[in-house]
Amino acid sequence: MCNKWRQRGISRVPIVHEVLLRSNPGKVSILGDGSVAVEVGGIELGQGLWTKVKQMTAFSLSAIKCDGMGDFLDKIRIIQANTLSLIQEGLTAGSTTSECSCEAVRICCNILVERLTRIKENLQEQMGSVEWGILILEVEVNLLTGQTTILQSDIIYDCGQSLNPAVDLGQIEGAFVQGIGFFMLEEYLSNSDGLVIPGGTWTYKIPTIETIPRQFNVEIMNSGHHKKRLLSSKASGEPPLLLAVLVHCSTRAVIKEARKQLLRWKGLNESDSTFQLEVPATMSIVKKLQCLL
């Protein structure tokens, strides 16, 4: 722009400013709830010291590579240190306090990462010998007949590195339905000699097509490498049977609420609604408990 009353100028001035690096204390504490408390010797004066220290903490501890660290930065808080927690706090001057504090925090985090990595490896070795699964289930109980209907079940099961996902899927589904029979249907009646009375399925009830959940969802999760297992695979035969206990627990919850409701109708104390649901929880048992007999 050309204007005789307004002129512009451009120049370059190189500078060399020697700074003095000095030791600054720092302390990083990982608390029981997974949050992190950080203390440094520097004072936040608006220069962004705490922001840089917080970022350095998140960066250094991320080397642990644990699940659920997406919002890890929000779990870190900086605490103003005092002479009780950090005896020699140092100075906040010379334009290097942020860098020196970050270096102190980085060293603390590296020590913690080294310790936690060993713990993580030990836990992974222990988990390698454990089968686990999770189930979310919804049941409907007929209060008049005692019949329990499974409306929906969602199973997530850890197969390690499955040798054959199709086979394991069938094993999980079959074991779960077998578990329903154990917890809800198959009643072993015996006589005085200890012999089983039922001679067939007329009186001894096994799972049928009506036993299967109306909506039956199963997902196999591959949990990675397990050096103590054959090609990192895990068992899928008997463990899923244990998940069927949730059918029993859900039925018990329905009975508990039904008994409380009946007691309210009668004007009685709800705390008297105590009962024990036997295994298997057959239709007759469920019906009897809901009638408060």
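What counts and how
- Per chain, the residues get numbers from 1 upward, laid out in the order the sequence is written.
- Reporting in this predicted model follows two pLDDT cut-offs: at least 70 for local features of residues, and 80 or more for side-chain atom pairs to be given and counted; totals over whole chains, interfaces and linings ignore these cut-offs and use all residues.
- To obtain the side-chain values, all non-hydrogen atoms of the structure were used and water was disregarded.
- Helix axes are fitted to C-alpha atoms over the stretch in contact, other axes to C-alpha atoms as well, and angles between N-to-C directions run from 0 to 180 degrees.
- Secondary structure is summarised from DSSP: a helix means a run of H or I of at least four residues, a strand means a run of E of at least two, and numbering begins at the N terminus for each.
- Here roughly perpendicular refers to angles of 65 to 115 degrees, roughly parallel to angles under 35, roughly antiparallel to angles over 145, and oblique to all remaining angles.
- Whether two residues touch is decided by their heavy atoms; if any such pair falls within 4.5 Å, the residues are in contact.
- Three categories are distinguished: nonpolar for Ala, Val, Leu, Ile, Met, Phe, Trp, Tyr, Cys and Pro, charged for Asp, Glu, Lys and Arg, and polar for the others, with Gly belonging to the last.
- For two strands to be treated as a pair, DSSP must find at least two bridges joining them.
- We call a crossover right-handed when, viewed with both strands directed away from the observer, the connection leading from the first strand over the helix to the second proceeds clockwise.
- With a 1.4 Å probe rolled over the protein chains alone, any residue whose accessible area is under 20% of its type maximum counts as buried; one over 50% counts as exposed, and the rest are partly exposed.

Describing the packing of helix 3 (residues 165-185) against helix 4 (residues 245-266)
Inference 1: In the contact formed by helix 3 and helix 4, the axes pass within 8 Å of each other and the chain directions differ by 45°. Between helix 3 and helix 4, the angle falls in the class oblique. Every residue of helix 4 that contacts helix 3 at Phe176, Ile180, Phe183 and Met184 is listed here: Val245, Val247, His248 and Thr251.
Inference 2: Class assignment for the residues of the contact of helix 3 with helix 4 results in 6 nonpolar, 2 polar and no charged.

Regarding the pairing of strand 5 (residues 148-158)
Inference 1: Sheet topology note: the strand 4 (residues 133-141)/strand 5 ladder contains 9 bridges and is antiparallel. Across the sheet, residue valine 141 finds its bridge partner in strand 5, namely threonine 148.
Inference 2: Adjacent in sequence and paired antiparallel, strand 4 and strand 5 are bridged by 6 residues, among which glycine 146 carries a positive phi angle near 85°.
Inference 3: Of the pairings in the sheet, the one linking strand 5 to strand 6 (residues 215-221) comprises 7 bridges and is parallel in character. Considered in strand 6, the bridge of aspartate 158 is made with methionine 221.
Inference 4: Handedness of the β-α-β unit built from strand 5, helix 3 and strand 6 comes out right-handed.

Some remarks on the pairing of strand 2 (residues 36-40)
Inference 1: Summarising burial for strand 2: 5 of the 5 residues are buried, a large majority.
Inference 2: Alternating positions in strand 2 separate into two faces, Val36, Val38 and Val40 on one and Ala37 and Glu39 on the other, with burial throughout.
Inference 3: Across 5 bridges, strand 1 (residues 26-30) lies against strand 2 in antiparallel orientation. For valine 28, the partnering residue across the bridge sits in strand 2 and is valine 38.
Inference 4: Linkage of strand 1 to strand 2, two consecutive antiparallel strands, is achieved through a turn of 5 residues, within which glycine 34 is found at a positive phi near 90°.
Inference 5: Bridging between strand 2 and strand 3 (residues 76-80) involves 5 bridges; their strand directions are parallel.

Purely spatial values, then, with no claim about function.
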